[in-house]
Amino acid sequence: MDTHMHPNLILLLSRILTTPIMLVYGLQKLMDANAFINNPATLNMFATLGYTAPAPIWLAYINGLFQLFSSLLVLFGYKTKQASYAIVLWLIPVTYFGHPFWSGVNAAFNEAQFYKNLAIISAFLLIGLYGAGRYSLDSLTKGA
């Protein structure tokens, strides 16, 4: 039995289990940009940054496209490390500015979202560290 099979299956499973949240929310933003603009996290982030105007609609589309394409890259294991680290860099300000439970605004909701995002950041950090594994496009292109 191949001793490398189990870690590679775990990496594949990790990619499959981690990316749906990004895929789903990315698609939602593309299908209904107003939901992003009126989302409590978006409103929190803009208020925290001192903006009084709502988020521009183009931001919803850019955000949605980023989430969709970066998560597809991770899911299929293409440029996995770069895509995972890009997601982490994107999630850090989203988590901090979008879910400031310590400010008292919708504290219970934001606290749960904040800690959920920390777990997602952790998952993408590990995928970035270990890469996609054997069952990926990255592995196929290395042999080409």
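Above this text you will find the structure in question.
Residues numbered from 1 in each chain as written. Predicted model: local features only at pLDDT ≥ 70, side-chain atom pairs only at ≥ 80, totals over all residues. Heavy atoms only, no water.

As for helix α6 (residues 80–98)
Here is step 1 of the chain: Over its 19 residues, α6 runs 26 Å from end to end, which matches the ideal 27 Å to within 8%, given 1.5 Å per residue.
Here is step 2 of the chain: Those residues of α6 lying buried are Thr80, Ala83, Ser84, Ile87, Val88, Trp90, Leu91, Val94, Thr95 and Gly98. (Helix = DSSP H or I, 4+ residues; strand = E, 2+ residues; numbered from the N terminus. Expected span 1.5 Å × (residues − 1). Buried < 20%, exposed > 50% of the residue type's maximum accessible area, 1.4 Å probe, protein only.)

A short note on the environment of alanine 123
Here is step 1 of the chain: Within the secondary structure, alanine 123 is located in helix α7 (residues 107–130).
Here is step 2 of the chain: You can call alanine 123 partly exposed: its relative accessible area is 22%.
Here is step 3 of the chain: Sequence separation between alanine 123 and serine 84 is 39 residues, and the spatial gap between their C-alpha atoms is 8.9 Å.

Things to note about the nonpolar core
Here is step 1 of the chain: Met22, Val74, Ala83, Ile87, Val88, Trp90, Leu91, Val94, Ile120, Ile121, Phe124 and Ile127 form the largest nonpolar core, which has 12 residues in total.
Here is step 2 of the chain: For this core, the secondary structure elements donating two or more residues are α6 and α7.
Here is step 3 of the chain: The element best represented in this core is α6, accounting for six residues.
Here is step 4 of the chain: Apart from residues no more than four positions distant in its own chain, tryptophan 90 is found in contact with Met22, Asn63, Phe66 and Gln67.
Here is step 5 of the chain: Phe36, Ile37, Phe46 and Ala60 belong to the second-largest nonpolar core, a separate cluster that totals six residues. (Core = buried A, V, L, I, M, F, W, Y, C linked by side-chain atoms within 4.5 Å. Contact = heavy atoms within 4.5 Å.)

Everything listed here is a matter of coordinates, which is why it stays silent on function.
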